[in-house]
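Coordinates in review
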Amino acid sequence: MMAILSLSVAAQLRVIAGAAAMVYGVTGLAQSTWQPERAVEIVLNTAPGSGPDRTARTLQKIWQEQRFLGVSTSVSNRPGGGGAVAYTYLNQKAGDGHFIAIASSSLVTNNVMGRGPGHLDVTVIARLFGEYIAVAVRPDSKLMSGRDLIELLKKDPGALSFGIATSLGNSNHQAVALALKASGIDVRKTKNVVFQSGGNAITALLGGHVDVVPASVSSWVARLQAGEIRLLAVAAPQRMTGAIAQIPTWREQGVNAVVSNWRGIIGPRALAPAQVAFWEGATRKAIGAEDWKRELEQLLLSDEFLASREFQKYLDEQHAEIRGLLAELELIK
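The structure contained in this document is the topic of the report that follows. Please read these numbers as outputs of a predicted model, since none were measured by experiment.

Some remarks on the packing of aromatic side chains
As enumerated under the stated definition, the model contains 7 aromatic pairs in all. Where Trp 262 meets Phe 311, the ring centres are 5.3 Å apart and the plane angle is 90 degrees; that geometry is what we call edge-to-face. Taken together, the positions of Trp 262 in the loop between β9 (230-234) and β10 (263-267) and Phe 311 in helix α11 (residues 308-328) put the pair 49 residues apart, joining distant regions of the chain. Relative accessible area serves as the criterion here: at 0%, Trp 262 is assigned to the buried category. Classification of Phe 311 by relative accessible area gives buried; the value is 0%. Among the aromatic residues, those joined into a ring-pair cluster are Trp 34, Trp 63, Phe 278 and Trp 279. One residue, Arg 78, lies across the ring of Tyr 89, its end atom 3.5 Å from the ring centre. Across from the ring centre of Tyr 314, 4.4 Å away, lies the NZ or CZ of Arg 127, which sits over that ring.

A few points about the nonpolar core
If you look at the biggest cluster of nonpolar residues, it comprises 51 residues, and the most contacted ones within it are Leu 149, Phe 162, Leu 180, Trp 250, Trp 262 and Ile 266. Counting residues in each nonpolar core, the second largest holds 33 residues, with Val 40, Leu 69, Ala 126 and Trp 279 among its members.

Overview of the pattern of salt bridges
In the structure shown here, the tally under the stated rule is 17 salt bridges. Taking the shortest distance from any N to any O, the salt bridge between Arg 54 and Glu 295 comes out at 2.6 Å. Within this pair, whereas Arg 54 is found in helix α2 (residues 51-66), its partner Glu 295 is found in helix α10 (residues 290-299), the two being separated by 241 residues in sequence. Judged by its relative accessible area of 34%, Arg 54 falls in the partly exposed class. For Arg 188, the salt bridge is made with Asp 186, and the minimal N-O distance between the two is 3.0 Å. On the basis of relative accessibility, which here comes to 47%, the residue Arg 188 falls in the partly exposed class. Residues joined by salt bridges that share partners form a network here, namely Lys 61, Glu 65, Asp 291 and Arg 294.

A closer look at the environment of Gly 163
As for its placement among the helices and strands, Gly 163 is situated in strand β6 (residues 161-165). The exposure class of Gly 163 is buried, given its relative accessible area of 0%. Each C-alpha atom, one on Gly 163 and one on Leu 205, is 7.4 Å from the other, the two residues being 42 residues apart in sequence. Sequence-distant contacts of Gly 163, defined by excluding residues within four places in its chain, comprise Val 193, Phe 195, Ala 201, Val 210, Val 212, Val 213 and Pro 214.

Criteria and cut-off values
- Residues numbered from 1 in each chain as written.
- Predicted model: local features only at pLDDT ≥ 70, side-chain atom pairs only at ≥ 80, totals over all residues.
- Heavy atoms only, no water.
- Phe/Tyr/Trp six-rings, centres within 6.5 Å; stacked < 30°, edge-to-face > 60°.
- Helix = DSSP H or I, 4+ residues; strand = E, 2+ residues; numbered from the N terminus.
- Buried < 20%, exposed > 50% of the residue type's maximum accessible area, 1.4 Å probe, protein only.
- Lys NZ or Arg CZ within 6 Å of the ring centre and 35° of its normal.
- Core = buried A, V, L, I, M, F, W, Y, C linked by side-chain atoms within 4.5 Å.
- Salt bridge = Lys/Arg side-chain N within 4 Å of Asp/Glu carboxyl O.
- Contact = heavy atoms within 4.5 Å.

This is the structure:
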């Protein structure tokens, strides 16, 4: 009787296990096919007309015209607090896949500097592209290359003034500071003037009020073609194409300095894997659109898509590297 009872129990357990597997399979299928059921809100920590705003509206246009999402979308601009306002709002929607945000390198930098949430406080979804920084001087400057800049500052770190938009420690500042640090220059002794916008910094350069300005490559194209500035170096991993194809990278000039004001997509904390998978897929579809490819080409943006796991690893590495640099700049509170 005991043997028969044991077999009966074992059979029952197998039935229960099989039923559980079926339920799990159905649940897993439901999770893997998550999609928005109502309007999606794209949150920004910058004002209308900014670079991230343009990125958000390009994605919105593609998603709506191609009907990739199946629901409507809106763009919500929430500037302030170095991103804290937007990211705090985003995280009030914890676990809700109907909210995403456009993030940039400031997500890491501001967090390192104690100004707001970081990449570990949100759900990382995908990196969209890299936006590299170029260093410019006026055409009448004696500096002809990035090496000239470094050699001059080795003798006197305060010999030149740098126009930085829009805060110390950001990607523009890093594009110069990282190269100087790698060359053994005391970056704490450099002279920096902070401007409220990239346009103001460029105007100050053209007017002779500052000597050097680092800014996104797209900011320089028209000025370069008009002969109004000279580019000394680009903080890209390799030589870029298009209008700045003749400009050497820092690496080509013997300095390992790569700085990208990348753009990516994040969600509120605690998104489910299926929600992340949906947004990864929607992003892959969008970056395959011709409108997106034209946007990258026009703005000299580098196609550097990373899915969630790879993007998370990249941000972990960025956080460690930027923390080291900003500590040396004495910008960490």
